[in-house]
Amino acid sequence: MKYARRFVAGTLTAGALALSLTGCGNSVDPIERLGRKTATETGTASASPSARPSAAPGASASAGTPADEAYKKWGLTAPLQYAPKPAQKPQLPKAAPGKPVVLDRIPVPATDKVVFLTFDDGAEKDPEFLKMAADLKLPISMFLTDNIASADYSYFEKLRDNGSGSTINNHTLTHPNLRTLPFAAQKKEICGQQDRLEKRFGKRPTAFRPPYGNYSDDTLKAASECGISSVFLWRESMQINDFQYSEGSAFKPGDIILAHFRGPSELKGTTETQMTTRMLQHIQQQGYKIARLEDYV
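Residues numbered from 1 in each chain as written. Predicted model: local features only at pLDDT ≥ 70, side-chain atom pairs only at ≥ 80, totals over all residues. Heavy atoms only, no water.

Caption draft 1: Geometry of the overall build of the protein chain. When you go through the protein chain residue by residue, the secondary structure sums to 7 helices and 13 strands. Looking at the protein chain as a whole, 56% of its 297 residues qualify as buried. When the accessible surface of the protein chain is split by element, carbon and sulfur atoms take 50% of a total near 12000 Å². (Helix = DSSP H or I, 4+ residues; strand = E, 2+ residues; numbered from the N terminus. Buried < 20%, exposed > 50% of the residue type's maximum accessible area, 1.4 Å probe, protein only. Areas by Shrake-Rupley, 256 points an atom, 1.4 Å probe, with all protein chains shown as cover.)

Caption draft 2: Structural detail: the pattern of salt bridges. For the structure shown, the criterion picks out 18 salt bridges. Among the ionic pairs, Glu69 bridges to Lys72, the shortest N-O distance being 2.8 Å. Of the residues examined, Lys72 reaches a relative accessible area of 49% and is grouped as partly exposed. The salt bridge involving Asp135 is made with Lys73; its shortest N-O contact spans 2.9 Å. In this pair, Asp135 sits in helix α2 (residues 127–136) while Lys73 sits in helix α1 (residues 70–73), placing the two residues 62 residues apart along the sequence. Since its relative accessible area comes to 25%, Asp135 is described here as partly exposed. Salt bridges linked by common partners bring Asp104, Arg105, Arg235, Glu247, Lys252 and Asp255 together as one network. (Salt bridge = Lys/Arg side-chain N within 4 Å of Asp/Glu carboxyl O.)

Caption draft 3: View of the environment of Ala184. As for its placement among the helices and strands, Ala184 is situated in helix α5 (residues 183–201). As a C-alpha pair, Ala184 and Ala222 span 38 residues in sequence and 8.1 Å in three-dimensional space.

Caption draft 4: Quick peek at the side chain of Asn170. Secondary-structure assignment places Asn170 in strand β7 (residues 167–170). With sequence-adjacent residues up to four places away left out, Asn170 is seen in contact with Phe143, Leu144, Ile190, Gln193, Gln194, Leu197, Pro205, Ala207, Phe208 and Arg209. (Contact = heavy atoms within 4.5 Å.)

Caption draft 5: Geometry of the packing of aromatic side chains. All told, the structure shown has 12 aromatic pairs when counted by the stated rule. Through pairs of rings, three or more aromatic residues link up here, namely Phe119, Phe129, Tyr155, Phe156 and Phe261. Cation over ring: Arg200 sits above Phe201, and NZ or CZ is 5.1 Å from the ring centre. In this structure, Lys221 packs its charged tip against the face of Phe183, placed 5.3 Å from the ring centre. (Phe/Tyr/Trp six-rings, centres within 6.5 Å; stacked < 30°, edge-to-face > 60°. Lys NZ or Arg CZ within 6 Å of the ring centre and 35° of its normal.)

Caption draft 6: Region of the structure containing the packing of α2 against helix α7 (residues 272–285). One way to put it is that α2 packs onto α7 with a least axis distance of 8 Å and a crossing angle of 30 degrees. Residues Glu128, Phe129, Met132 and Leu136 of α2 lie in contact with α7, whose contacting residues are Glu272, Thr273, Thr276, Thr277 and Leu280. Its residues placed into classes, the contact of α2 with α7 shows 4 nonpolar, 3 polar and 2 charged. (Axes fitted to C-alpha atoms, helices over the stretch in contact; angles between N-to-C directions. Nonpolar A, V, L, I, M, F, W, Y, C, P; charged D, E, K, R; others polar.)

Caption draft 7: Spotlight on the packing of helix α4 (residues 153–160) against α5. One can describe the packing of α4 onto α5 by two numbers: an axis separation of 11 Å at closest approach and a directional angle of 70 degrees. As far as their axial angle goes, α5 and α4 are roughly perpendicular. When you trace α4 past α5, the crossing you get is right-handed. Contacts from Tyr153, Ser154, Glu157 and Arg160 in α4 reach Gln193, Leu197, Arg200 and Phe201 in α5. (Parallel < 35°, antiparallel > 145°, perpendicular 65-115°, else oblique. Left-handed = near helix turned anticlockwise from the far one by under 90°.)

Caption draft 8: Broad picture of the nonpolar core. Core analysis: the largest hydrophobic core is formed by 41 residues, its most contacted members being Leu136, Phe156, Leu280 and Ile283. At 5 residues, α2 tops the list of elements feeding residues into this core. Beyond its immediate sequence surroundings of up to four residues, Leu280 is in contact with Leu76, Leu80, Leu117, Met132, Leu136, Leu138 and Ile290. Counting 29 residues, the second-largest nonpolar core is a separate cluster that includes Ile106, Phe208, Tyr215 and Trp234. (Core = buried A, V, L, I, M, F, W, Y, C linked by side-chain atoms within 4.5 Å.)

Shown next, in the form of structure tokens:
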């Protein structure tokens, strides 16, 4: 499947404004879009040869604890830091009547340096990534597209059930640009995937991500009628070696990170586990902890 070769910074009420990306030698095709209230230039950060040392991980209330030496096995120089489940969930923006809340960052205190891992689509089903996610107990919010992921839904079931607290969420049946579709077609894409995920995994998701980050008022209305309470966009997108940032060149507390289930054919020979190692190194270098998205909403 081919996606647009650009990011889009969209308003949270009316879709996306195109941003061309230039000088990005490590960008990946396809590239998803960044939903934002205002258009900003994207930036990249390069990985340094070694990750900054971090404290030993703490166990999340809803996730397991990685083995003491697991980080070494997967190319990290120090253990990852994990944020425990917050004693009190942050106050989220109020959703409009009959619509889910739309979030690209969780409103945490400025001193709470946490980020959230999300993976989209489901094209790549790398056995090594299964081992990595289980060893490191990565809490991943998965947003799956049926015609991409359904060839082996059991793969994502294993990720969900590895003790990390990972979850399976809705990313439509066929990954269309929902803003180009009438209301009935949008509802079919969203509710249809709700039905399939519920039948396959035993639970109807309440979280949804629109393909490309593109949505309209009709999308939000349809999502709500399908049982969705939260729509998640993102602030950073992981490419092969670097991040694309929606603003500036560093994380901010509460940022939602976008990655994809992709393999060497789309990552220019890089494996999904190698890409994820580089992503985790960036998180460590900036002194951030990994939190479970569902613990905060």
